[in-house]
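Here is how the chains run, residue by residue.
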Amino acid sequence: MTGLTAQSWPIAAAALPFPGRLPDGRSVTEAGPEAWRGPLTDVADAGFDRIDITDSWLRVGDLSPERLTDLTALAGEAGVVPTSISAIRCSVIDHANGEANLAYSHRTLDAAAALGIETVSFGLHQALTAEQQEQLWFWTVEGHQDDPADWDLAVGRLQELGRHAAEIGILVSLEMYEDTFLGTGDSAVRLVQDIGMDNVGLNPDIGNLVRLHRPIEPWSELVEKTVPYANFWHVKNYARDEDRARGAYFAVPAPMQYGLIDYRRAFAYAIEQGFQGVICVENYGGDGLSVCADNRDYLRRHVLPKREGYALGASRVRQPRHDGGAA
């Protein structure tokens, strides 16, 4: 497989900056194409040719075949390609909604196939608590924590999704998130190993862990442990400060090149480990889409390889072919 370069690497804008509800209270999903055209055009006008369909904006797993066709047409008109789907806060081991979330996750895989999308990211994080919703930054207070007794349930249900995905030529990526089974480097790797399917890998969204207002694993150790299993990557960064003597920890969103995580170093290591997955740029707060565009430019100008023929390692999971299948 020829390695991707800075110009050919698929970098998608997260739909995270777009709200999931319109001012009249309707969800973007039920509102239909009239609510989709503007954000798709905004993404294209920000210089992106690809978009990650984040389901906090649009739940493609709840769309009819006709609406999926409409979405493909609108994206084509705008000039952006739906390249990945990030299904968030729909944990398949949620004690109240796990079975419904599992069914929704299966529908999301089928929607991805209909849209020609290779990569779907799932997580085990659950809905924000009332206390989290009251904060300026929801990660400053603790939310849901996975119960160790649910480990086997998580493995079994994620294997079920992995089998479905394999049947339709899709890669599943599991998003790292605090206090879930994907909340530490060791636990995330163990989960993928226990699932034991080469089309199920990790989305090493280590920004989700770096932002916590408490002690954290060093970002470099998280990269070293998880990236060999990565097949997709949410990237964002945070400025972080610590005063351990006082037990004070502080983090706020930052453009990728100015935050704590050295993504130049992280991607150099990722390429050594065979990573060739879609990159989804994210940001919380402010003009998130513009920061995402700056992050894309930083990756292309300073981080990703400029020339073909570089040494590409062998990943421990399958990587996208970027032509409708997985290699």
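See the structure shown above.
Residues numbered from 1 in each chain as written. Predicted model: local features only at pLDDT ≥ 70, side-chain atom pairs only at ≥ 80, totals over all residues. Heavy atoms only, no water.

Draft legend 1. Focus on the packing of helix α9 (residues 219–226) against helix α10 (residues 263–272). Interhelical geometry of α9 versus α10 gives an angle of 15° and a closest axis separation of 10 Å. Considering their axes alone, α9 and α10 lie roughly parallel with respect to each other. Handedness of the α9/α10 crossing: right-handed. Contact residues: α9 offers Trp219, Ser220, Val223 and Glu224, while α10 offers Arg265, Ala266 and Tyr269. (Axes fitted to C-alpha atoms, helices over the stretch in contact; angles between N-to-C directions. Helix = DSSP H or I, 4+ residues; strand = E, 2+ residues; numbered from the N terminus. Parallel < 35°, antiparallel > 145°, perpendicular 65-115°, else oblique. Left-handed = near helix turned anticlockwise from the far one by under 90°. Contact = heavy atoms within 4.5 Å.)

Draft legend 2. Quick look at the sheet that holds strand β1 (residues 11–14). Reading across the sheet, the eight strands line up as β6-β5-β4-β3-β2-β1-β10-β7 and stay open at both edges, with parallel pairing between neighbours. Strands at the two margins of the open sheet, each flanked by one partner only, are β6 (200–203) and β7 (232–235). Each neighbouring strand pair of the sheet contributes to a mean axis angle of 30°, computed without reference to strand direction. Across four bridges, the pairing between strand β5 (residues 171–175) and β6 is parallel. Residue pairing for β6: Ser173 is matched across the bridge by Gly201. Helix-sheet contacts for helix α11 (residues 288–303) involve β1, β7 and β10 (278–281), and the interaxial angle to β10 is about 140°. (Pairing = 2+ DSSP bridges.)

Draft legend 3. Quick look at empty space enclosed by the protein. Taken as a whole and assessed by the stated rule, the structure comprises one cavity of 30 Å³ or more. If you add up the space inside the largest cavity, you get close to 70 Å³. Residue classes in the lining of the largest cavity are distributed as three nonpolar, six polar and two charged. (1 Å grid on protein atoms, 1.4 Å probe; cavity = no way out; pocket = protein on both sides within 12 Å on 5 of 7 lines; lining within 4 Å. Points joined across faces, edges and corners; volume = space filled by probe spheres on them. Nonpolar A, V, L, I, M, F, W, Y, C, P; charged D, E, K, R; others polar.)

Draft legend 4. Structural context of the pattern of salt bridges. Applying the stated criterion across every chain, the model contains 18 salt bridges. The salt bridge involving Lys225 is made with Asp186; its shortest N-O contact spans 3.3 Å. Taken together, the positions of Lys225 in helix α9 and Asp186 in helix α7 (residues 185–195) put the pair 39 residues apart, joining distant regions of the chain. Given a relative accessible area of 53%, Asp186 falls into the exposed group. Connected through shared salt-bridge partners, Asp24, Arg26 and Glu34 make up one network. (Salt bridge = Lys/Arg side-chain N within 4 Å of Asp/Glu carboxyl O. Buried < 20%, exposed > 50% of the residue type's maximum accessible area, 1.4 Å probe, protein only.)

Draft legend 5. How the structure looks around the layout of surface pockets. In this structure, the largest pocket encloses a volume near 630 Å³. Lining the largest pocket are 32 residues; nearest its centre among them are Leu16, Ser56, Ile88, Arg89 and Tyr284. Taken together, the residues that form the lining of the largest pocket break down as 11 nonpolar, 12 polar and nine charged.

Draft legend 6. Here's a closer look at the packing of aromatic side chains. Scanning the entire structure with this criterion turns up 13 aromatic pairs. With a centroid separation of 5.2 Å and 75° between ring planes, the pair formed by Phe138 and Trp139 is classed as edge-to-face. When sorted by exposure, Phe138 lands in the same class as Trp139, which is buried. With 5.4 Å between their ring centres and 80° between their planes, Trp139 and Tyr238 make a pair best called edge-to-face. Residue Trp139 is located in the loop between α5 (130–133) and α6 (151–167), and its partner Tyr238 is located in strand β8 (residues 237–243); the two are separated by 99 residues in the primary sequence. For the pair Trp139 and Tyr238, one class covers both residues: buried. Each residue in the set Trp9, Trp233, Tyr263, Phe267 and Phe275 is aromatic and connected to the rest through ring pairs, giving one cluster. Directly above the ring of Tyr104 sits Arg59, whose terminal nitrogen or CZ lies 3.9 Å from the centroid. Looking at Arg190, its charged tip hangs above the ring of Trp151, at a distance of 4.0 Å from the centre. (Phe/Tyr/Trp six-rings, centres within 6.5 Å; stacked < 30°, edge-to-face > 60°. Lys NZ or Arg CZ within 6 Å of the ring centre and 35° of its normal.)

Draft legend 7. Main features of the packing of helix α2 (residues 37–45) against helix α3 (residues 65–78). At their nearest, the axes of α2 and α3 sit 9 Å apart, and the two run at 35° to each other. At the point where α2 passes α3, the crossing takes the right-handed sense. Where α2 approaches α3, its residues Arg37, Leu40, Thr41 and Ala44 are matched on the opposing element by Leu71, Leu74, Ala75, Glu77 and Ala78. Of the residues contributing to the contact of α2 with α3, the split by class is six nonpolar, one polar and two charged.

Draft legend 8. Summary view of unusual backbone geometry. Not every positive phi belongs to a glycine, and Arg89 is a case in point at roughly 55°. Tracing the backbone through its elements, the reader meets Arg89 in the loop between β3 (81–87) and α4 (98–115). Judged by relative accessible area, Arg89 falls into the partly exposed class, the value being 25%. Located in the positive-phi region is Asp179, a residue other than glycine, with phi close to 65°. Looking at the secondary structure, you find Asp179 in the loop between β5 and α7. Here Asp179 falls in the partly exposed class, since its relative accessible area comes to 22%.

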